[in-house]
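# Structure at a glance
Residues per chain, in single letters:
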4 protein chains.
Amino acid sequence: MEKLTDQILHEVIQPRPANSFKGTFGKVTLVGGNRNFGGAIIMASTAAVCAGAGLVTTATAASNSGALHAQLPEAMFADFTADQQLADLVRAATTVVVGPGLGDDAQSLHILKNVFNHVRPEQNLVIDGSAITLMAREELSAPAANVIYTPHEMEWQRLSGIKIGEQTEARNRAVRDQLNATVVLKKHHTEIYTADQVYQLTIGSPAQAVGGMGDTLAGMVGGFTAEFNDQPQKAVLAAVYAHSAIADQIAESQYIVLPHQISRALPAFMKKMEQDPNEHQIGFLS
Amino acid sequence: MEKLTDQILHEVIQPRPANSFKGTFGKVTLVGGNRNFGGAIIMASTAAVCAGAGLVTTATAASNSGALHAQLPEAMFADFTADQQLADLVRAATTVVVGPGLGDDAQSLHILKNVFNHVRPEQNLVIDGSAITLMAREELSAPAANVIYTPHEMEWQRLSGIKIGEQTEARNRAVRDQLNATVVLKKHHTEIYTADQVYQLTIGSPAQAVGGMGDTLAGMVGGFTAEFNDQPQKAVLAAVYAHSAIADQIAESQYIVLPHQISRALPAFMKKMEQDPNEHQIGFLS
Amino acid sequence: MEKLTDQILHEVIQPRPANSFKGTFGKVTLVGGNRNFGGAIIMASTAAVCAGAGLVTTATAASNSGALHAQLPEAMFADFTADQQLADLVRAATTVVVGPGLGDDAQSLHILKNVFNHVRPEQNLVIDGSAITLMAREELSAPAANVIYTPHEMEWQRLSGIKIGEQTEARNRAVRDQLNATVVLKKHHTEIYTADQVYQLTIGSPAQAVGGMGDTLAGMVGGFTAEFNDQPQKAVLAAVYAHSAIADQIAESQYIVLPHQISRALPAFMKKMEQDPNEHQIGFLS
Amino acid sequence: MEKLTDQILHEVIQPRPANSFKGTFGKVTLVGGNRNFGGAIIMASTAAVCAGAGLVTTATAASNSGALHAQLPEAMFADFTADQQLADLVRAATTVVVGPGLGDDAQSLHILKNVFNHVRPEQNLVIDGSAITLMAREELSAPAANVIYTPHEMEWQRLSGIKIGEQTEARNRAVRDQLNATVVLKKHHTEIYTADQVYQLTIGSPAQAVGGMGDTLAGMVGGFTAEFNDQPQKAVLAAVYAHSAIADQIAESQYIVLPHQISRALPAFMKKMEQDPNEHQIGFLS
């Protein structure tokens, strides 16, 4: 298992080309947030916007539209029950993120299938939260795409069939090979399983143990893979590392880290990473 | 009567264990906020989230869903008139907070009874505001649970039958013994009645005399009892103390303290308490 | 004409008594904000809350409920078309503010009459914006109360019959005497007409010439008269002076002042006024 | 082609006259934001308010009303499907901005025609985003007015018929002459075509390549032309320059610039420009 370092940030977060426009940095379509869990998709969308994705659309329950725009006018809204519109948005995306706050009822399943039916092989597809639970329960397969799963240990148990406590590197790799996907296994010392390698995160803290932290990570993975789409594998690693690196800096002065604080800190953090690889140890918040 | 000191904060607010996850820090279900008083339950929920509870769900009127997510995407939403869903959320909680902005009409009463019917003995149940008024008026008893009442003097008069001005320590203790609950009697120099002891708060200021201050306290008691559930009695004391300690620091530079400012200051305040018991006199806001 | 000085702030803004509670600082009911002008009543309500009124209720169009709570959870909401509920809220108030964003259609008139029908002589009644226009057009009289009008010059022309350009001190006094009210005539060097005296404001700047500035002043007058109800006349003067004093400090570094910035600066500004009459020249924002 | 410099800011942004009121600084009516793209018109409106326009009204889909007021209570709301009300608001405006988030369906077209039918020759009309696309597709002509188009290169291709890559100064000038309008062609080194001259912007950065940046520019052009209506041509140039000048300062410490950050920085930036032409190189954010 290879330990991730901040080197990954410097490899991925490069100065933007002078002659670029928002289309250069990809489109993210995020799908989730039923009537009860609207905050989850809002937090994921905030992460995608603040990470610098070019265009972000949030497909969610109609009742979340007002709160989405109140929090994040930069994101566009779609009703996730409008099948044709959602299909179009999925097809148009560089990266699709499905799952944050999606829920696990019949409507959730219908939406998940709609997403899966319209993903194309060249796209990135981040599958998070209840989307993972639904796949396991309904024995759904992911479509052909660059698939990234972001389960916590219980969700991984459901998807992989490997019980918590028995999730060894070898077993996890075996299931990952079957899935042919990237797996970000969220836990104390998160592990990232790719085709070639297993990486371990050695930063992060219990100050991150609050609701919404995973939704934010899913949104960041969505934003990074769209924006840095020429190296989507490294983009995943950089997103995972940045998420905890920012949290660690905030946790120096806070007992807990609120998820949206990580997103809002992204623009300044990413600037530091772009600028000066030798000074990144110095707190970006100061 | 024993005077509370900041010692209680250091006893309760300890560094989080490295290998913890959001489930470690409990679930809070807050019930309140009718069509008119939505702000009350939003403020209480903000306090619970910022205190560091692992998962927070807000059961309120449907018309408050948008404002809740706009203020606090970290909280989940439930319609408090969905009886079965509310019952499930009550059963799943470490701590239930009922009352902020609940109102006192027939719908309020129906919801309160639904909550009481599904609380289990091992849970913490914080009863605040109009829930207290309803109990007194309807002669409802609280269910078996670790019950914490947070009345102001008029609500205590209604619940205890002891008139303001006659609420002596001895009388209050007698009623508390009948109720077999913790009573946080909010007043100038708030008193906390427990089974063993009566505590008095000697901090706090008239800058706190604004609407929503009590809703915030109820949410903090909810958050602390869920997060520090191994010592729920001390968690109540710590929440009450922290609420006024933060307010006092804000009041050094403000004529009034807005309730949400206390909640938003919690993560930094709690870090100071965790870190360095000898330096807590120094303002955490600086 | 007597020039107002910051002396009025020190006379009115005194340290709060230690043994006080939110009821000590009065109740404000604000009525306005139709479907189109919701922002006006939200800004007025924000001013009343930040000024330190004990309890603030906003009676407005139902469509504004979400934005109100998203901006200002400290305020309670009422549907201003619910006649009985509005009547009750008017009767319960220390100060009623009517007009910001009320509009001037049939619904607006119905609501205004409902307010006027339930005001009591011992209450403060702030009449602002379209409520003044409606009174002039419909030849409505204000009810017996401590009435404070806050017209700009065009609204004063409508109410008084004195054309802009002919609004001399003597003529304004004569109409004021007929109205038996306080008149805050908003203009370059705002004038305040009371029973005994005419005051002139010599501070303020064109950075305040933006929409919502008057709504914020009306809310501040509402908050101050409720909170400092033992000297409501001086409370009006203090509110008017504080509004421009804060704006002047903000305008030192801003081309325009956004109205809500004044409200949000109130708690710190009022603390400075309470604390140290000899140091108030020093910017409270530093 | 003449390079724009910050000289244009000092020419346009002058100290406000002491005896001015909100009417002095013009009225802006912004039209856009369908059910899916509400954030666009909210961002444009925020820019118009923060630029200092006297009164700002946002005509948009009813579902955006709550988010508008939650973000920006200073703006008034109108339902853009209320034909008569929209016509009145268009007629009353100093500047009309149409297009941000308007969409391109039948409803969008109906609204656009309604706007065009009620614009008067002496008004400023900013045509942005999907309004440009609709004009090209439907072969609509703009009404007689001081028209300002703010297309990006693809929108300009649609409107002018000149393909991207062939959009030379001479060709663009020729089409501009036919249109008899100002054209702000947004691209790397934005070009502004006026009747007399072509200007080039040499500032700005790829940190601006995020969704909503153009909506914010359209709103700023709206605000500046209303506020500085005695020199509307220079007001356009100043808005374009200020937009990127602020972004460049933010981009010194951020990898991307969020559009609303530019708007929120406007009051302080404009103060610096007004005050001291020799010190504007120094960062206004410090």
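Definitions and limits used
Residues numbered from 1 in each chain as written. Chains lettered and ligands numbered in written order. Predicted model: local features only at pLDDT ≥ 70, side-chain atom pairs only at ≥ 80, totals over all residues. Heavy atoms only, no water. Least-squares fit on C-alpha atoms with pLDDT ≥ 70 in both. Contact = heavy atoms within 4.5 Å. Buried area = accessible area lost by both parts, 1.4 Å probe. Salt bridge = Lys/Arg side-chain N within 4 Å of Asp/Glu carboxyl O. Polar contact = N/O pair within 3.5 Å; in protein donor to acceptor, adjacent residues only side chain to side chain. Helix = DSSP H or I, 4+ residues; strand = E, 2+ residues; numbered from the N terminus. Nonpolar A, V, L, I, M, F, W, Y, C, P; charged D, E, K, R; others polar. Buried < 20%, exposed > 50% of the residue type's maximum accessible area, 1.4 Å probe, protein only. Core = buried A, V, L, I, M, F, W, Y, C linked by side-chain atoms within 4.5 Å.

### With respect to the relation of the copies chain B and chain C
When chain B is fitted to chain C, the best match, at an RMSD of 0.0 Å, comes from turning it 90 degrees and sliding it 0.0 Å along the axis. Interpreted geometrically, this transformation is the action of a four-fold axis. Here only 7% of the interface residues in chain B have copies in chain C that are interface residues too; the copies meet through unlike faces.

### A closer look at the interface of chain C and chain D
How big an interface is tends to be stated in terms of the accessible area lost upon association of its parts. Between chain C and chain D, the residue contacts involve 27 residues of the former and 37 residues of the latter. When chain C packs against chain D, close to 2500 Å² is buried across both sides, 59% of that on carbon and sulfur atoms. For chain C, the biggest contributors to the area lost against chain D are C:Asn36, C:Pro206 and C:Tyr255; these three give 29% of the whole. The interface formed by chain C and chain D contains one salt bridge. Between C:Arg35 and D:Asp79 there is a salt bridge whose closest N-O contact spans 3.3 Å. For the pair chain C and chain D, the number of links is 13 residue pairs in polar contact (both at pLDDT 80 or more). Secondary structure elements with two or more residues in the side of chain C that touches chain D: helix 2 (38-51), helix 3 (65-71) and helix 11 (259-275) of chain C. For the side of chain C that touches chain D, the leading source of residues is helix 2 of chain C, giving five residues. Taken together, the residues of the side of chain C that touches chain D break down into 15 nonpolar, 10 polar and two charged.

### Quick look at the relation of the copies chain C and chain D
Placing chain C over chain D gives an RMSD of 0.0 Å and needs a rotation angle of 90 degrees, together with 0.0 Å of translation along the axis. Here only 7% of the contact residues of chain C are again contact residues in chain D; the copies associate through non-equivalent surfaces.

### Notes on the environment of D:Ala70
Mapped onto the elements, D:Ala70 comes out in helix 3 (residues 65-71). Of the residues examined, D:Ala70 reaches a relative accessible area of 16% and is grouped as buried. On a C-alpha basis, the gap between D:Ala70 and D:Ala174 in space is 44 Å, while along the polypeptide they are 104 residues apart. Non-local contacts of D:Ala70, meaning those with residues more than four positions away in its chain, are made with A:Ala70, C:Ala67, C:Ala70 and C:Gln71.

### Structural notes on the nonpolar core
Ranked by size, the top nonpolar core spans 252 residues in total, and within it A:Phe224, B:Phe224, C:Phe224 and D:Phe224 carry the most contacts. If we ignore the near neighbours within four places in the chain, the residues touching C:Phe224 are C:Ile13, C:Ala51, C:Ala235, C:Ala238, C:Ala239, C:Ala242, C:Leu266 and C:Met270. Core analysis: the next-biggest nonpolar cluster, separate from the first, contains 36 residues, D:Val115, D:Tyr149, D:Ala181 and D:Tyr193 among them.

### Concerning the environment of B:Pro143
Residue and element names in this part refer to chain B. Turning to its location among the elements, proline 143 is positioned in the loop between helix 6 (130-138) and strand 7 (146-150). Since its relative accessible area comes to 16%, proline 143 is described here as buried. Excluding its chain neighbours within four sequence positions, the residues that come into contact with proline 143 are Phe116, Val119 and Leu125.

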